[in-house]
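# Results of the structural survey
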Amino acid sequence: MNFVSPDLSPAFAEMFVLGMTCLVLVVDVYLKDSQRGITYVLSMLTLLGAAAITATSGVVARELTFSGHFVSDPMGDVLKLVVYATTAVVFMYSRDYLRKNDLFKGEFFMLALFAMLGIMVMISAGSMLSLYLGLELLSLSMYALVAFQRDSAQAAEAAMKYFVLGAIASGCLLYGISLLYGMTGTISLSGVSAIFSSADQFNIPVLFGLSFVVVGVAFKFGAVPFHAWVPDVYQGAPAAVTLFIASAPKIAAFALAIRLLVDGLGDLQGGWQDMLVALSVLSIIIGNLVAIVQTNIKRMLAYSTISHVGFILLGILTGSQEGYAAAMYYAIAYVVMTTGAFGLIIILSRKGYEAEHLDDFKGLNSRSPWLAGMMLMLVFSMAGIPPFVGFYAKLTVLMGLVEVGLTWLAVLALVFSVVGAFYYLRVVKLMYFDEARETGEPEAALDIRVLLSANAALVLLLGLFPDGLMSLCIKVFQ
Amino acid sequence: MLENYLPILIFLLVGAGLGGVLLLLGFLLGRGGKDAQKLSPYECGFEAFEDSRMKFDVRYYLVAILFIIFDLEIAFLFPWAVALDGLGMFGFLTMAVFLLLLVVGFIYEWKKGALEWD
């Protein structure tokens, strides 16, 4: 047997991130605590370099390499650029927070970069094996990040729950994959797709494997009834870690769903559509209803995430290109909104104190009208009020649903969005009409203020001019 | 028919011989000193017969985990070494990259002091 060397160029960004992360890891152990800024700068340079590589790669069509295990396509490139930007934003928001809480260690950046590498591998997965490999790299880094604050019992508990439930979900996914492999005899997504496009599709074993795969995907999304870990992990982890978990991995979950269900099992759409209908309906109902009774804003945002995930799944289950594009647009819009909201929680937190209670937002307008204004825009966008991006994202998903004749789902999603508006507007009420519990403007470095303003401005701009991103999302699915 | 079992006979003889020679060497070259610790069945720090529900140092786990990493490395290296002929330069470089990544991890654990007992 002779080996053919694979074409390495499509995976250049991944190799660069891996090399740089190892460099950061080695450099960091030789640094003194006062020089930790170098780790931060190196991590940012990693993201910048990776972005430059991906942006200039100019991929126009699907390219397979590494014997079909790695795929490079326009959708992957767009998602990767979003992930780099998100990770950079997370690092910037977190920097001062980590310093104040004695968490400014190299491991935060390394684990986040390794998690990002896992996301990149998932986005570019051409086979179920590389998909699972990326997923595990992401998950293991995440478990460690949640437990990162070692003296916090709450964080340890959250990490333990996340680890146990995550391991079960990975097991389910792996079991589903092994069943599909047993029935098709191939591990590559294009091979699986070719077999199901010709074979008799709906036999019981195939549906059995498919269900396990969908369970794995739903867990990684945090969709009801596989959502139990989301609120506990969001609440238990330090705010900087919550910010990361809430943002970039949702892009990964979207990529996981698209690669597995659309690229690989696209012809079984009739099978997984019903499952996703159940998941998304439950997510939207339970997410919005349970969020109402939360007094902890991290938990509230966790349930809000669950309902947003329901919307992303609604876009995917349409099975149409418009629906996938709408889901991708929704995922990106969600990431923009959620980084802003958690960024604000980080700004309000002080040394040893997390601003995680709704009461911490009382009278924010009298303390800092600027911050309150930013939060107002972010919260309005999450509630889906025009002209912000959340409105447009919801609108495209609903239009996609109506187009494939699932009007009842669109109506239900609409009704529960109105229910959900209650708890978003309550935050606005607390900020503008309640007495502040403490005085004094929250401290924040200039670059973080600029970042938060840019973040909120993006929410407004993407809502006012959605065409650019939307046409990009449509283009990558053609 | 019976000669098919010859390798097994040789294996048994070599096994018994090696075991016997090692015992004999220890008996001849060992420097006496038969205290209680030396005579215990397992000279690893634990009593052989006692309640197994006892506390022991969490650092044992750390050492065990670090050991597993290098143990797995060997598990990858053996088949690679056997098949190296067919893998060519690419296969060689792939394993070099893999070992380099392990070295990075090794530098990290060394500098972090994971290998120091105290």
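Throughout, residues of each chain are indexed from 1 in the direction in which the sequence is written. By the order in which they are written, chains take letters starting at A while ligands take numbers starting at 1. pLDDT decides what is reported in this predicted model: residues at 70 or higher carry local features, side-chain atom pairs at 80 or more are listed and counted, and totals for whole chains, interfaces and linings draw on all residues regardless.

### With respect to the overall build of chain A
Assigned secondary structure in chain A consists of 19 helices and 2 strands. Atoms counted for the radius of gyration: C-alpha only. Globule rule: 2.2 Å times the number of residues to the power 0.38. Its C-alpha atoms give chain A a radius of gyration of 21 Å, near enough to 23 Å, the size a compact globule of 478 residues would have. Referenced to the eigenvectors of the C-alpha coordinate spread, the extents of chain A come out at roughly 70 × 60 × 40 Å. Exposure classification rests on a simple neighbour count of other C-beta atoms within 10 Å of a residue's own: a residue reaching 20 or more is buried, one at 12 or fewer is exposed, and one in between is partly exposed. C-beta atoms are placed from the backbone. Counting every position in chain A, which comprises 478 residues, the buried fraction comes to 55%. Partitioning the contacts of chain A with sequence separation of at least 6, the portion at a separation of at least 24 is 80%. Secondary structure counts use DSSP, requiring at least four H or I residues in a row for a helix and at least two E residues in a row for a strand, with both numbered from the N terminus. The contact criterion used is a C-beta to C-beta distance within 7 Å, with each C-beta placed from the backbone.

### Examining the packing of helix 16 (residues 389-403) of chain A against helix 18 (residues 446-464) of chain A
Residue and element names in this part refer to chain A. Note on definitions: angles span 0 to 180 degrees between N-to-C directions of axes, and those axes are lines fitted to C-alpha atoms, for helices only across the stretch in contact. With their axes 7 Å apart at the nearest point, helix 16 and helix 18 run at an angle of 45 degrees to one another. Between helix 16 and helix 18, the angle is such that the two are oblique. Note on element contacts: helix 18 touches helix 16 through V459, L462 and G463, opposite V389, F391 and Y392. An angle below 35 degrees is treated as roughly parallel, one above 145 as roughly antiparallel, one from 65 to 115 as roughly perpendicular, and anything else as oblique.

### Some points on the nonpolar core
All names here are of chain A. Any nonpolar core is a set of buried residues, restricted to Ala, Val, Leu, Ile, Met, Phe, Trp, Tyr and Cys, that join up through C-beta atoms within 7 Å. One finds I119, M122, V146, I251 and Y330 to be the most contacted residues of the largest nonpolar core, which totals 177 residues. At 21 residues, helix 13 (residues 321-348) tops the list of elements feeding residues into this core. Beyond its immediate chain neighbours, meaning those up to four positions away, M122 contacts L131, G134, L135, L138, A252, A255 and L256.

### Quick look at the packing of helix 13 of chain A against helix 19 (residues 467-476) of chain A
Residues and elements named next belong to chain A. As a packed pair, helix 13 and helix 19 sit with axes 8 Å apart at the nearest point and diverge in direction by 130 degrees. Comparing their axes, helix 19 and helix 13 come out oblique. The two elements helix 13 and helix 19 meet at a crossing, and its hand is right-handed. Residues A325, M328, Y329 and I332 of helix 13 touch helix 19, and the partners they reach there are L469, M470, C473 and I474. For the contact of helix 13 with helix 19, a count of residues per class yields 8 nonpolar, no polar and no charged. Crossings are assigned a handedness: left-handed for a near helix turned anticlockwise from the far helix by less than a right angle, right-handed for a clockwise turn. Each residue receives one of three labels: charged for Asp, Glu, Lys and Arg, nonpolar for Ala, Val, Leu, Ile, Met, Phe, Trp, Tyr, Cys and Pro, and polar for the others, Gly being one of them.

### Considering helix 16 of chain A
Each turn of an α-helix holds 3.6 residues, which means side chains three or four residues apart point in the same direction. All names here are of chain A. For helix 16, which comprises 15 residues, the first-to-last C-alpha distance of 21 Å matches the rise-based estimate of 21 Å (1.5 Å per residue) to within 8%. Residues of helix 16 that are buried include every one of V389, G390, Y392, A393, K394, T396, V397, L398, G400 and L401, and no others. Structurally, helix 16 contributes buried residues whose contacts are with helix 12 (297-317), helix 13, helix 15 (369-383), helix 17 (407-433), helix 18 and helix 19. Residue G405 follows helix 16 closely and has a positive phi angle near 85 degrees. A helix is expected to span 1.5 Å for every residue after the first.

### Thoughts on the interface of chain B and chain A
Listed by partner, the interface residues are 11 residues for chain B and 8 residues for chain A. The class makeup of the residues in the side of chain B that touches chain A is 6 nonpolar, 3 polar and 2 charged.

### Quick notes on helix 3 (residues 74-100) of chain A
All names here are of chain A. A rise of 1.5 Å per residue sets the reference length of helix 3, with its 27 residues, at 39 Å; its end C-alpha atoms lie 40 Å apart and thus fit the reference within 8%. The angle separating two fitted axes, one through the seven residues that finish at a residue and one through the seven that start at it, defines the bend at that residue. The largest bend in helix 3 amounts to roughly 40 degrees and is located at S94. Extensive coverage of helix 3 is indicated by the burial of 19 of its 27 residues. Looking one or two residues beyond helix 3, the residue adopting positive phi is D102, at roughly 55 degrees.

### A closer look at unusual backbone geometry
Residues and elements named next belong to chain A. A cis amide bond, omega 5 degrees, links V224 with the succeeding residue P225. Examined against the element boundaries, P225 turns out to sit in the loop between helix 8 (204-221) and helix 9 (229-236). A cis amide bond links P386 with the next residue in sequence, P387, at an omega value of 10 degrees. Relative to the elements of secondary structure, P387 occurs in the loop between helix 15 and helix 16. Of note in the backbone geometry, F66 takes a positive phi value of approximately 50 degrees without being a glycine. Within the secondary structure, F66 sits in the loop between strand 1 (63-65) and strand 2 (70-72). At S67, a position not held by glycine, the phi torsion is positive, near 55 degrees. Of note, S67 is situated in the loop between strand 1 and strand 2. We classify S67 as exposed; it has 11 C-beta atoms within 10 Å.

### Thoughts on the environment of A:P387
On the basis of neighbour counts, which here come to 16 C-beta atoms within 10 Å, the residue A:P387 falls in the partly exposed class. Note: C-alpha distance between A:P387 and A:V418 (31 residues apart in sequence) is 16 Å.

### A few points about the confidence of the model for chain B
Residues and elements named next belong to chain B. One number per residue, pLDDT, summarises how confident the predictor is, and it ranges from 0 to 100. Confidence in the prediction for chain B averages 84 pLDDT; 90% of positions are at 70 or higher. When mean pLDDT is taken per element in chain B, helix 1 (residues 6-29) scores highest with 92 and helix 2 (residues 36-39) scores lowest with 71. Taken over the whole predicted complex, pTM reads 0.89, whereas the ipTM for its chain interfaces reads 0.81.

### Quick look at the environment of A:D28
Residue and element names in this part refer to chain A. Tracing the sequence through the fold places D28 in helix 1 (residues 12-29). Distance from D28 to L412, taken between C-alpha atoms, is 51 Å for residues 384 residues apart in sequence. With near-sequence residues (within four places) excluded, D28 lies in contact with T39 and G106.

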